[in-house]
Each structure stands twice: as C-alpha cells, then as structure tokens.
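Listed below are the residues making up each chain.
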Amino acid sequence: MEVYERRDGENGELVLRGDGRHLEIISNGVFLMDTRAGESERLLVRAPLERLARPADVLIGGLGVGFTLAEALRSPYARSVTVIEREPAVIGWHETHLRPFSGGALSDPRVRVERADLAAWLRTSTAAFDAVCLDIDNGPDWTVTEGNAALYGPEGLALLAGRLRPGGVLAVWSAGAAPVFEALLRERFADVAAHAVPVPRGEPDVVYLASARPA
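Residues numbered from 1 in each chain as written. Predicted model: local features only at pLDDT ≥ 70, side-chain atom pairs only at ≥ 80, totals over all residues. Heavy atoms only, no water.

S.K.: How do you make sense of the overall build of the protein when you look at a structure like this?
M.R.: Scanning the protein from N- to C-terminus turns up seven helices and 11 strands. In summary, the protein has a C-alpha radius of gyration of 16 Å against a globular reference of 17 Å for 215 residues, a match within 12%. Seen through its C-alpha atoms, the protein measures out along the principal axes to roughly 50 × 35 × 35 Å. The buried share of the protein, taken over its 215 residues, is 53%. Surface accessibility of the protein: about 9,700 Å² in total, with carbon and sulfur atoms responsible for 50%. Distance between charge centres in the protein, computed from 23 positive and 30 negative side chains, equals 5 Å. (Helix = DSSP H or I, 4+ residues; strand = E, 2+ residues; numbered from the N terminus. Rg over C-alpha atoms; globule rule 2.2 N^0.38 Å. Buried < 20%, exposed > 50% of the residue type's maximum accessible area, 1.4 Å probe, protein only. Areas by Shrake-Rupley, 256 points an atom, 1.4 Å probe, with all protein chains shown as cover. Lys, Arg positive; Asp, Glu negative; His and termini not counted. Charge placed at Lys NZ, Arg CZ, Asp CG, Glu CD.)

S.K.: Where do I start with helix 1 (residues 39-52) in this structure?
M.R.: Helical geometry note: an α-helix holds 3.6 residues per turn, so side chains three or four residues apart project in the same direction. Here helix 1 contains 14 residues, and its C-alpha end-to-end distance of 20 Å stays within 8% of the 20 Å for a straight helix at 1.5 Å per residue. Approximately 25° is the largest bend angle found in helix 1, and it occurs at valine 45, with the proline proline 48 only one to four residues beyond. Of all the positions in helix 1, only Ser40, Glu41, Leu43, Leu44, Val45, Ala47, Pro48, Leu49 and Leu52 are classed as buried. (Expected span 1.5 Å × (residues − 1). Bend = angle between axes of the 7 residues up to and from the residue.)

S.K.: So what exactly am I meant to see when it comes to the sheet that holds strand 9 (residues 164-174) here?
M.R.: Pairing between sheet strands relies on hydrogen bonds along the backbone, with the strands arranged either parallel or antiparallel. The sheet built from seven strands is open, its strands ordered 7-6-5-8-9-11-10 with mixed pairing. Either end of the sheet is taken by a strand with one partner, and the two such strands are strand 7 (111-114) and strand 10 (190-197). Neighbour-to-neighbour, the strand axes of the sheet open up by a mean angle of 15°, direction not taken into account. As paired elements, strand 9 and strand 11 (residues 205-211) share six bridges and run antiparallel to each other. Looking across to strand 11, one finds that alanine 171 is bridged to leucine 209. Contacting strand 8 (129-134) and strand 9, helix 6 (residues 154-162) runs over the sheet at an angle of about 135° to strand 9. (Pairing = 2+ DSSP bridges. Axes fitted to C-alpha atoms, helices over the stretch in contact; angles between N-to-C directions. Contact = heavy atoms within 4.5 Å.)

S.K.: What's the story with the packing of aromatic side chains in this structure? I'm lost.
M.R.: To describe a pair of aromatic rings, one takes the distance between the centres and the angle between the planes. A complete count under the given rule lists four aromatic pairs for this structure. On the numbers, 6.4 Å between centres and 90° between planes, the contact of phenylalanine 67 with phenylalanine 101 is edge-to-face. Linking phenylalanine 67 in helix 2 (residues 67-74) with phenylalanine 101 in helix 4 (residues 99-102), this pair joins segments that are 34 residues apart in sequence. Residue class for phenylalanine 101 comes out partly exposed when judged on its relative accessible area of 22%. (Phe/Tyr/Trp six-rings, centres within 6.5 Å; stacked < 30°, edge-to-face > 60°.)

S.K.: When you look at the sheet that holds strand 2 (residues 12-18) in this model, what are you seeing that I'm missing?
M.R.: The strand order across the open sheet built from four strands is 1-2-3-4, with neighbouring strands paired in antiparallel fashion. Each edge of the open sheet is held by one strand with a lone partner, namely strand 1 (2-9) and strand 4 (30-34). Strand-to-strand twist in this sheet, taken as the mean axis angle between neighbours without regard to direction, amounts to 25°. Examined bridge by bridge, strand 2 and strand 3 (residues 23-27) share five bridges and lie antiparallel to one another. Of the residues in strand 3, the one forming a bridge with glycine 18 is leucine 23.

So, in structure tokens, the structure goes:
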C-alpha cells in the first residue's frame, strides 16, 4: 500500500493510502473505510429514498469516500442533501484523490457540506429532513471514535429522531448485525427493518431502516 497523505485530524492521525486502484482511510491505525465495494453505503441512502418515494431533503452523517452522497444525487427523489463531516482532510480529499468516487458531488448545487461534529450539530440545529443517513463510524458495536458511541444509544437516537419530519426515515450503517441497537430502534420508531449486505470477507454489513411515526 502506498501512503498518499497523512493528516492530523480531529481525533488523531488520518491516513489515505492505496494500491493504485483502491483507496483506504485509516484512523489512528484502525481501518475505517475503503473504495472497494460500496454496495451497503449506496443502500444506506437508496433504501430510505425508495421507501419515501417522494421529493426528500436528505441529511448524511459522514462523507466517507463519497458512495452515499453520489448515490443520493442519482436518485430522482433527492431534493437537497446536507452532509455533516468533521474531518477537513476527508472533505479536502474529495477535491483530489476521492473525487472519482463521489463524482464531483460536492460541486452539485443541491449539496451543502458542513464541517462539524454530528452530535454537536444535531443538538444545535433546527433543520428537519425526510431522510437521515448515519455512517460516521464502523457501527453501533465497533466505534473507532469514542465520542460517536453515544449517537447509537437512547440520547443519540432522540437527537436523530428530532431531525426527522413525520413519516421520515432513519438509515444507519453497521459493519455487522447489532441486536441491542436494533432493539433500541424498535422501542422508538415504527416499521424497523435490517438489510444484510454480503461482503467478500467477514459477516455482512447491515443497513437499518426505521420510520418515524406519521403526524
């Protein structure tokens, strides 16, 4: 693997490395994401938009390698997309190394990117969305960043639910099944579903969908 860049991030060192075809982002020595597949990351936004089947304002928590954002812009239902990403390095890489994977999506007039910690932003924002898509870590049971864990608990789910319009959909990405988290979703939301997405190695990724109750 060739190291393309090392940056000091909000939670330590971020490394962008690759093998000529694919790229990986490493956070403090721990694998965070790569560009090899992306099926589950695309499902993260495609599934809630198809469930809504109407023009929707979308919130994406975590820019990552851009698969989710690019998929949102391909949907006929995405009216606007707000992306919350706290790492300036990740945002910057989408103007260079990661641009082919997000397709230059940051330049789309429907897109607004805010550099912020998602939990802090949720506490202060009054914006409402039809779909909220959460992919800020490796999932409820394996958080690389300690502060992210709270977003998968009762307080975090309350913050996320508070940004949904009636009948809106929360989608959460996880690197594996998270039964305790799914139970928390079922306590708060209506119509919860778990979509498993096979991966080349290890257990399937899982995308959780949870609909807010209608008005």
